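Survey of secondary and tertiary structure
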Amino acid sequence: MESKTARFTVLLDPRKKKAFEKLCAEKDLTPSQVVRQLIRGYLEDHDVDFTKEVLEDAPKKG
């Protein structure tokens, strides 16, 4: 699991939001967990090595 987080705001239709939150609750998952799974899957499907890119984008210490 990632050790740091960043906020990601998404605007969507209130009916879709409500249905999504209901389904997440039925699956005993938070909406954030599901969105993180979807993003990881999308990156993997497109062969994006997100672990390497995150490290390269990190600010240099020192």
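Residues numbered from 1 in each chain as written. Predicted model: local features only at pLDDT ≥ 70, side-chain atom pairs only at ≥ 80, totals over all residues. Heavy atoms only, no water.

1. Looking at helix H2 (residues 31–45)
The first and last C-alpha atoms of H2 sit 21 Å apart over 15 residues, in line with the 21 Å expected at 1.5 Å per residue. One or two positions beyond H2, positive phi appears at Asp 47, with a value near 55°. (Helix = DSSP H or I, 4+ residues; strand = E, 2+ residues; numbered from the N terminus. Expected span 1.5 Å × (residues − 1).)

2. As for a nonpolar patch on the surface
Taken together, the side chains of Phe 8, Val 10, Leu 12, Val 35 and Ile 39 make up a nonpolar region of the molecular surface, amounting to roughly 460 Å² of accessible area. Of note, Val 35 is situated in helix H2. On the basis of relative accessibility, which here comes to 31%, the residue Val 35 falls in the partly exposed class. (Patch = residues over 30% accessible without salt bridge, like charges linked within 9 Å, V, L, I, M, F, W, Y side chains within 5 Å. Areas by Shrake-Rupley, 256 points an atom, 1.4 Å probe, with all protein chains shown as cover. Salt bridge = Lys/Arg side-chain N within 4 Å of Asp/Glu carboxyl O. Buried < 20%, exposed > 50% of the residue type's maximum accessible area, 1.4 Å probe, protein only.)

3. A short note on helix H1 (residues 14–26)
Taking 1.5 Å per residue, 13 residues should reach 18 Å; H1 reaches 18 Å between its end C-alpha atoms and fits that length. Counted residue by residue, H1 has 1 buried out of 13 residues, so it is predominantly exposed. Two or three places before Arg 15, at the start of H1, stands the capping residue Asp 13, its side-chain oxygen 2.7 Å from that residue's backbone nitrogen. (Polar contact = N/O pair within 3.5 Å; in protein donor to acceptor, adjacent residues only side chain to side chain.)

4. Brief notes about the packing of H1 against H2
At a closest axis distance of 9 Å, the pairing of H1 and H2 adopts a crossing angle of 95°. The pairing of H1 with H2 is recorded here as roughly perpendicular in orientation. Between H1 and H2, the residues in contact are Phe 20, Glu 21 and Cys 24 and Pro 31, Val 34 and Val 35, respectively. A per-class count over the contact of H1 with H2 returns 5 nonpolar, no polar and 1 charged. (Axes fitted to C-alpha atoms, helices over the stretch in contact; angles between N-to-C directions. Parallel < 35°, antiparallel > 145°, perpendicular 65-115°, else oblique. Contact = heavy atoms within 4.5 Å. Nonpolar A, V, L, I, M, F, W, Y, C, P; charged D, E, K, R; others polar.)

5. Some thoughts on the confidence of the model for the chain
Averaged over all residues, the pLDDT of the chain is 87; the fraction at 70 or higher stands at 81%. The least confident element of the chain, judged by mean pLDDT, is helix H3 (residues 50–57) at 65; the most confident is H1 at 98. (pLDDT = per-residue confidence, 0-100.)

6. Examining the pattern of salt bridges
Opposite charge on two side chains allows them to pair when their charged atoms are near. For the structure shown, the criterion picks out 3 salt bridges. Between Asp 13 and Arg 15 there is a salt bridge whose closest N-O contact spans 3.1 Å. On the accessibility criterion, Asp 13 (25% relative accessible area) is partly exposed. With a shortest N-O distance of 3.3 Å, Glu 26 and Lys 22 are connected by a salt bridge. Within this pair, Glu 26 and its partner Lys 22 are both found in helix H1, separated by 4 residues, close to a single helical turn. Of the two residues, Glu 26 and Lys 22, both sit in the exposed class.

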